[in-house]
Amino acid sequence: MRMNLVRWPKRPEVHISKNFISALTFSSNSSNPTPQPSEFRTETDRITKLINDHPFPDLPLQPFFIQHIQPSLLSTVLVENVLGRLFSGHSNGLKAFEFFKFSLNHSHCFSPSSDSFEKALHILTRMRNFDMAWELMEEVRQKHPSLFSLKSMSIFLSKLAKFGSFEDTLEAFNRMEEKIYFGRRFGVEEFNILLRAFCTQRQMKEARAVFRKMYPRFSPNTQTMNILLLGFKESGNITAMELFYHEMVRRGFKPNVVTYNVRIDAYCKKGLFGDGLRLVEEMERVNCLPTIETITTLIHGAGIVRNLSRARQLFEEIPLRNLRPDIGAYNALMATFIRAREVGSAIGLMDEMEELGIGLDNVTYHTIFLGLKRSDGLEGVCKMYRRMAERNFVPKMPTVVMLMKFFCENRRLDLGLALWDYLVERGCCPHGHALDLLVTGLCSHGRGEEAYECSKQVLERGRHLSEGGFHMLERFMVQAEQMDKLKKLDLMVKKLQKVLPLSRGHALGLLDPTIVN
């Protein structure tokens, strides 16, 4: 008995678009940045640090920007990079938003870009401040409507699908069509963005409902089917994915390289590496040539099943397929070495990447740190940490949290504090999980003064403390009878609450106000 995963309405023959948008995923340009001159990096570092160190909300930001940032220094790439740094560093979202507004107010000096607008929008929606995100879109609509893109639509709808309701997301889509993207006729591309918002959140029930409701209006294309296929893949149900794939083919949609890549990735992640190879052979038979993404996925798959020799072979075949290995392919092979506990080979691959000018990204360092933790312990991790610091590389928060946890578990609080200072000096405001680990470690070893200073730094930079971290510090300071500092911290927490919305799990201040009186 055939199982239909999507209830297909009857419709006329579909004309499949040959030029589908490669927007199944919208990757940030800042994930693999173009190398910049040292003077440019210095200015980016300076402005990022200025924004993070600003005593928010004690002083207004716009006069501060005018005093410290010459509008003539603003450029498209500079604004993009500063916002990218603020985003990846989990800085105060309102500060980043104010900086973007400052750049718009001086847009006569440079050309604002869609990328900077997308980053500002991403920052606001990540902190769930959708009201302010709507205000930003209204302002951009009036002054710079050309900045709107499919990616900006995707960012907003994806976050709303994650944090809001099904009805809110549909209403936002309609509002965008009628008021924000005014004058733009919505078609299948915009319909695909809405579908993708639910599929990337694994909300396949909602995705199917949207598909059935809007199918008559938007004639789907192969990209539409690929998005739904990706949703089934992300849900981890290979059977559902394959049933939908066969239904898609039966309905007359021709699979393309994205279709095959989604299926190969699903099989590889389930440890079914042989099935992934079988699909590549099928691709070649129908003259759908594998891409570098296909081979990278297979290398990952070989690593999952611990087939190091096949992973090497696949990597060596890349130039034979007239493809060029990129940072993703190198990282995939590196992860395979780490799984096989060949850390030395993985580090050798890092050296090769630098020699070839491919560069290293956060995935590279994170993968190597994972391997060094298991093989070389503290000494190996410290050596690689020094190498990273010499290159002035600022890791992303998952790597920061991993390193902080490792240092604290090994009772090397000096290294944890050094990592903290390294990030703060470079204009980052370390993630709350990293602070929780450091505060817990310091308080457990009677070093509450340093825990207090780190917590104060976070509040001064306009970031909330977690409830757990705050109460850990509270207990220590009550026992140490440092009530004046505790009262100061409590006042800072409550002051910040007035301007920055709280998320779940953030500190509300002292449960008993009389404790500090």
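Please refer to the structure placed before this passage.
Keep in mind that this is a model prediction, so the values were computed, not measured.

K.L.:
Please explain the nonpolar core as it appears in this structure.
P.N.:
Soluble, globular proteins show a tendency: their nonpolar side chains are buried together. If you look at the biggest cluster of nonpolar residues, it comprises 165 residues, and the most contacted ones within it are F99, F156 and L157. Those residues in contact with L157, other than ones at most four positions away along the chain, are T169, A172, F173, M176, I193, L194 and A197.

K.L.:
Honestly, the packing of helix α21 (residues 397-409) against helix α23 (residues 432-444) in this entry has me stumped. Any pointers?
P.N.:
Between two packed helices, the angle of one axis relative to the other and the distance separating the axes together describe the packing. Here α21 crosses α23 at 5 degrees, and the two axes come no closer than 9 Å. Classified by the interaxial angle, the pair formed by α21 and α23 is roughly parallel. From α21, V400, V401, M404, K405 and C408 reach across to α23, where they touch H433, A434, L437 and L438. For the contact of α21 with α23, the class distribution of residues is 7 nonpolar, 1 polar and 1 charged.

K.L.:
It is not clear to me how the packing of aromatic side chains should be interpreted in this structure. Could you clarify?
P.N.:
Centre distance and the angle of the planes are the two values used to describe a pair of aromatic rings. Applying the stated criterion across every chain yields a total of 21 aromatic pairs. For the ring pair F191 and F218, a centre distance of 5.2 Å and an interplane angle of 10 degrees mean the geometry is stacked. On the criterion of sequence distance, the pair formed by F191 in helix α9 (residues 188-199) and F218 in the loop between α10 (204-214) and α11 (222-234) is long-range, its members being 27 residues apart. Grouping aromatic residues by their ring pairs yields a cluster made of F100, F117, F148, F173, Y181 and F186. One cation-aromatic arrangement involves R126 over F87; the distance from NZ or CZ to the ring centre is 4.0 Å. Stacked on the ring of W134, the Lys or Arg R175 has its end atom at 3.8 Å from the ring centre.

K.L.:
How should the side chain of S149 be read in this particular structure?
P.N.:
Secondary-structure assignment places S149 in the loop between α6 (130-143) and α7 (150-163). With relative accessibility at 15%, the residue S149 sits in the buried group. In this view, S149 contacts E118 and Y181; residues no more than four positions away in its chain are not counted.

K.L.:
Can you walk me through the environment of M137 in this structure?
P.N.:
Counting through the fold element by element, M137 comes out in helix α6. Overall, M137 belongs to the buried group, its relative accessible area being 1%. M137 sits 44 residues away from Y181 along the chain, and the two C-alpha atoms are 9.3 Å apart. Those residues in contact with M137 that sit more than four places away from it in its chain are F117, L121, F148, F156, M176 and I180.

About the criteria used
Residues numbered from 1 in each chain as written. Predicted model: local features only at pLDDT ≥ 70, side-chain atom pairs only at ≥ 80, totals over all residues. Heavy atoms only, no water. Core = buried A, V, L, I, M, F, W, Y, C linked by side-chain atoms within 4.5 Å. Buried < 20%, exposed > 50% of the residue type's maximum accessible area, 1.4 Å probe, protein only. Contact = heavy atoms within 4.5 Å. Axes fitted to C-alpha atoms, helices over the stretch in contact; angles between N-to-C directions. Helix = DSSP H or I, 4+ residues; strand = E, 2+ residues; numbered from the N terminus. Parallel < 35°, antiparallel > 145°, perpendicular 65-115°, else oblique. Nonpolar A, V, L, I, M, F, W, Y, C, P; charged D, E, K, R; others polar. Phe/Tyr/Trp six-rings, centres within 6.5 Å; stacked < 30°, edge-to-face > 60°. Lys NZ or Arg CZ within 6 Å of the ring centre and 35° of its normal.

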